[in-house]
Amino acid sequence: MKSVRALTMLFTVIYGGKKKLIKVDGADYTSLMTQVRKKFSISDKDLTLQNDTGVEVDEDVFTDLLEERSHDILWRVVDKDSECSVLDSSCSSQTDTLSVSSETDDSAGPSSKRPCFDGVFEAKQFVRDILEEKAGGPAVLSEYKEHGKLTDSTRRHLVNIVVAHITDKEGRVPSKETKTRCALGIVTLFPSMKDPYSRTGYEHFYDPKSNQGYISWRLKTVSRQSKHHGGHHSKKDARSSGTSDSEGSGGPTAHRETCNHLEQQLEGDQCKEAISFMNHCVEKDLIFEKMKATFKHKQLLIHDAAKSNTVLSVFPRFLDTKGLILQDFDIQFGTETASRLLEQWDSLKSKIIAEARTLTSTLHLNSLLSDAQGNRQDEDSDWQVWDSDMSSILLLANLLPPSAGGRNKSTKISIREAMDHIVQFHKACRSLTEHINKTEGLQPHLLAVGSAKNIIHDFYIVLDGKLLPCQAKSSLAAFDELFKAYFVFSVSYPHCLRAMYTFIQTTIYKIDLGTYRETPRVKDLRAKLLN
């Protein structure tokens, strides 16, 4: 074997967003550093050389490392004054850091080198190179170039291509750094897929903290398929991932301080007297005043597991006084937060409709799309047609469909069944008790009472087998009250609609944004609608 000192070697160097091939005759430490400085016009900076694990390499061991791994070693040359880690978000992509990989001139066969990256540009180029080289990749690039976005099926194909590449290079368990680079590269190459509300923008593709995201999901699928193919069918291998993760802090059941400072909160006998007084009071203003004065007592009751089911008995005015849910939510979060859905829905609705058109066509989906756009032509079926706002809300549920409840996939329900957890129609001529008895297990949800789905006279929230009248007269305002009821009464979201309600909570109301656990689907949809 020839000594590397006698070889002419090519080093691929990335610096300041530019990539160059540098030829070094007699590959020694001094020759390499001299050529790097010359090619990139680096004169007065103190540079250090690191290997692909970030360990600094001195001149006396440089040749030994080259002889051991002359084809696949990866180098980083770093300016000591601005040294940072490969994917340190605090470093600019224009810092004086470069990556070096090497191969000999006379090497035969395909290169076995692995890319080393430093910052956003290198991650983007890494993903681009994969797509340009792999079958199906150019079609992904072409679709984005033509439409400025990717369909869900193309996004899945993109992830499959990237995962196939990194598993070919690193096996079934690629490093966290590699997965992070892939995620960063994807949202940089396809900026409309970046989540504008998350810390890095790419957590829905890979979140290093939780090891979740599309890339992790695909890797687990590949691993399971590989194990099954090899004859290993243990119960542990067949388990799905992510079902046991905590929801993070926040959500409708969290204990939280009130946004609005409350004065004159009643306690002890005074609180009991106020509750007794308002339960017999007929003046609406006094009812609202006493409900506000007993807010903290009500919250203690709601968050007491042994007493929470008595809240509607202790505070029965929820059952006959409209607007109390809205007042309690406003006390918790403030007027600005409380108004966000009603203020933003018109601008979001058209985007939701446009995104829903990319879903696989079904008769039910097509009907909702037609209703959301107000295009239904069949007058005989008008009584079956929700208005535009409610139809668009139900389209959002289609964009974030039900997932299986736990590890038993047989518990997954259909999207049409899930919609019953949002709203149900009730003919005005029928008994309300009839509905309560029939749907006791589906709460809280909206009950829309009217002569037709698009002609609603009254909305109710069904909770604990009781009807709470809504102040709202429109379907959008009624849904706004339904969402707020989850927080006012500290009720968990239905599992089948958790993704949809999480999207509304974090993306629209901006409640617990960054702390409440979001699935990659939620972050992905947010990126599509807001970019």
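Anything mentioned here points back to the structure above.
Keep in mind that this is a model prediction, so the values were computed, not measured.

(A) The arrangement of the nonpolar core in detail. One finds F318, F479 and F489 to be the most contacted residues of the largest nonpolar core, which totals 78 residues. Of all hydrophobic cores here, the second largest spans 29 residues; its members include I130, L131, I186 and Y206.

(B) Here's a closer look at the pattern of salt bridges. Scanning all chains against the criterion turns up 15 salt bridges. For D195, the salt bridge goes to R526, with nearest N and O atoms at 2.5 Å. Taken as a pair, D195 in the loop between α6 (176-189) and α7 (214-229) and R526 in helix α21 (residues 520-530) lie far apart in primary sequence, 331 residues in all. Judged by its relative accessible area of 1%, D195 falls in the buried class. In this structure R526 comes out as buried when scored by relative accessible area, which is 0%.

(C) Highlighting helix α16 (residues 388-399). Over its 12 residues, α16 extends 16 Å from the first C-alpha to the last, a length consistent with the 16 Å expected when each residue adds 1.5 Å. Counting buried residues in α16 gives 11 out of 12 residues, a clear majority hidden from the surface.

(D) Layout of unusual backbone geometry. Here the phi dihedral of N211 falls at roughly 60 degrees; this positive angle occurs in a residue that is not glycine. Exposure remark for N211: the relative accessible area of 30% places this residue in the partly exposed category. One non-glycine residue, K510, adopts positive backbone phi at about 60 degrees. The residue K510 is located in the loop between α20 (498-508) and α21 in this model. Of the residues examined, K510 reaches a relative accessible area of 33% and is grouped as partly exposed.

About the criteria used
- Residues numbered from 1 in each chain as written.
- Predicted model: local features only at pLDDT ≥ 70, side-chain atom pairs only at ≥ 80, totals over all residues.
- Heavy atoms only, no water.
- Core = buried A, V, L, I, M, F, W, Y, C linked by side-chain atoms within 4.5 Å.
- Buried < 20%, exposed > 50% of the residue type's maximum accessible area, 1.4 Å probe, protein only.
- Salt bridge = Lys/Arg side-chain N within 4 Å of Asp/Glu carboxyl O.
- Helix = DSSP H or I, 4+ residues; strand = E, 2+ residues; numbered from the N terminus.
- Expected span 1.5 Å × (residues − 1).

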